Structures are given as structure tokens and as C-alpha cells.
Amino acid sequence: KLLRGEIKVQARHNLVQARSFRELLDKAIVSYHNRSIEAAQLIEILLDLARTMQQARQRGEELGLSNDELAFYDALEVNDSAVKVLGDQALRAIARELVETVRRNTTIDWTVRDSAKANLRVLIKHVLRRYGYPPDKQEQATQTVVAEAEMMAGNEEKEA
């Protein structure tokens, strides 16, 4: 229950990480229910998952990225070919520019207006193309960045 709660908290800031943590947790629990691992092994897996989640929180500081920038960085990093082609520094620069672009071009009701979402998608694709992000995964990255932006907007509304 504690890990599920922590994953929900993580999902408010970083959908990509939360999704991967949720998959790892679900896989461990299914393995335990199918009796392919013992209780002691499950506990070890859960402890490893908790350590990994702790390290993920510290990763943003190590990379020099804010929480929002780290969320966009993770959305872009999902594509292995992008990491190989562009490198870490370029992905950081893209993440920073995407955060600026999203903040500059979002209005109060942008999450409910299709035209505003479409405009944001165009701006995100423009940034990705400018940095040479691999075109084969551009659409997936754009969708993930828009989902992160919606989450970011929801968090800002709750804080206000």
C-alpha cells in the first residue's frame, strides 16, 4: 500500500516514471500470487523498488533539472535511439525548452480546448524537430509531453 501511494504521488509529477514503477510493482505482485516467488523474494523486490524510487527523486538534482524538466526529460528519454543520437546534454536542453514553451503557451482552459492542445502539439513537434529528435518516435514523445503538461497544469491549479 505504501508503494502504491508513493507511485500515485510520483504520478503527479512524472507520468513516465510512475508508469514504470507501477509495472514493476504489479509484476512482482503477480509473480507472488502465481507462486513463482516466495514472500522473502517479494519483500526483497519491494525494497529494491523503494530504493529505486528514492534514487529517481534524487536524479533530477544530479542532472540539474527541475521536477517539470525531469518529467519532460523522461518523456523524451523513453526512446533509446534519441538518447544515442542526441545525447544527454541535448535532451536536457530540449526538456528545458519544452517547459518554457508549455508555460508560455498554455492558457487557463487549454486542457479542455482541442484547438489549444493542437497548437501546443505543433509547438512541441517544432522544438523536437529543431533539435533533431528522431522522427520515428516524435509522435509518441509529443503525446507523452502533452500528457505531462496536462498533469503539470493540474498540479498548478491545485496549488493555486
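This text goes with the structure placed above it.
What comes next is a walk through the structure. (Residues numbered from 1 in each chain as written. Predicted model: local features only at pLDDT ≥ 70, side-chain atom pairs only at ≥ 80, totals over all residues. Heavy atoms only, no water.)

**Points about the environment of Asn79**
Applicable threshold: Under the DSSP-based scheme used, a helix requires at least four consecutive residues in state H or I and a strand at least two consecutive residues in state E, with every element numbered from the N terminus. Any two residues whose heavy atoms approach within 4.5 Å at even a single point are treated as in contact.
Its place among the elements puts Asn79 in the loop between α4 (67-77) and α5 (80-86). When the C-alpha atoms of Asn79 and Gln138 are compared, they prove to be 9.1 Å apart, with 59 residues separating the residues in sequence. In contact with Asn79, other than residues within four places in its own chain, are Tyr133, Pro134, Asp136 and Lys137.

**Points about the side chain of Arg92**
Selection criterion: Think of it in three bands: with a 1.4 Å probe and only protein chains considered, a residue is buried below 20% of the maximum accessible area for its type, exposed above 50%, and partly exposed in between. For this analysis, a polar contact is any N or O atom pair within 3.5 Å, provided that within protein one partner can donate a hydrogen and the other can accept it, and provided that sequence-adjacent residues contribute only side-chain to side-chain pairs.
Along the chain, Arg92 falls in helix α6 (residues 88-104). Under the relative-accessibility criterion, Arg92 is labelled buried at 15%. A distance of 3.4 Å separates a polar atom in the side chain of Arg92 from the backbone oxygen of Leu63. In this structure, Arg92 is in contact with Leu63, Leu65 and Tyr73, ignoring residues within four places of it in sequence.

**Observations regarding the pattern of salt bridges**
Our working rule: By salt bridge we mean one thing: a side-chain nitrogen of Lys or Arg within 4 Å of a carboxyl oxygen of Asp or Glu.
Applying the stated criterion across every chain, the model contains nine salt bridges. Asp74 is the partner of Arg59 in a salt bridge, and the nearest nitrogen-oxygen pair spans 2.2 Å. Highlighted residues: Arg59 in helix α3 (residues 39-63) and Asp74 in helix α4, separated in sequence by 15 residues. Arg96 is the salt-bridge partner of Glu69, the closest N and O atoms lying 4.0 Å from each other. Here Glu69, found in helix α4, pairs with Arg96, found in helix α6; they are 27 residues apart in sequence, far enough to count as distant.

**Regarding the side chain of Asp74**
For Asp74, a relative accessible area of 5% gives the class buried. At a separation of 2.2 Å, a polar atom in the side chain of Asp74 contacts the side chain of Arg59.

**Considerations on the environment of His33**
When you line up the elements, His33 lands in helix α2 (residues 15-33). Residue classification places His33 among the exposed positions, given a relative accessible area of 59%. Separated by 75 residues in the primary sequence, His33 and Ile108 place their C-alpha atoms 45 Å from one another.

**Comments concerning helix α7 (residues 114-130)**
In plain terms, the rule: How far a helix is expected to stretch is found by multiplying one less than its residue total by 1.5 Å. As used here, the arc is the angular range of directions from the helix axis to the C-beta atoms.
Relative to the 24 Å expected for 17 residues at 1.5 Å per residue, α7 spans 24 Å between its end C-alpha atoms, a close match to the ideal helical length. If you check which residues of α7 are buried, you get Ala116, Lys117, Leu120, Ile124, Val127 and Leu128. The buried residues of α7 occupy an angular sector of 115° when projected down its axis, which confines them to one face. Exposed and oriented more than 90 degrees from the buried face of α7 are Asp114, Val122 and Arg129. Residue Gly132 follows α7 closely and has a positive phi angle near 80°.

**Some words on the packing of α3 against α4**
Just so we agree on the cut-off: As a rule, the C-alpha atoms of each element are fitted with a line to give its axis, helices using only the stretch in contact, and angles between N-to-C directions run from 0 to 180 degrees. Each angle receives one of four descriptions, namely roughly parallel if under 35 degrees, roughly antiparallel if over 145, roughly perpendicular if within 65 to 115, and oblique otherwise. Charged residues are taken to be Asp, Glu, Lys and Arg, nonpolar residues to be Ala, Val, Leu, Ile, Met, Phe, Trp, Tyr, Cys and Pro, and polar residues to be all remaining types, Gly included.
Closest axis-to-axis distance for the α3/α4 pair is 10 Å, and the angle between their directions is 100°. In terms of orientation, α3 and α4 fall into the roughly perpendicular class. Between α3 and α4, the residues in contact are Ala56, Arg59, Gly60 and Leu63 and Leu70, Tyr73, Asp74 and Glu77, respectively. The residue makeup of the contact of α3 with α4, split by class, is four nonpolar, one polar and three charged.

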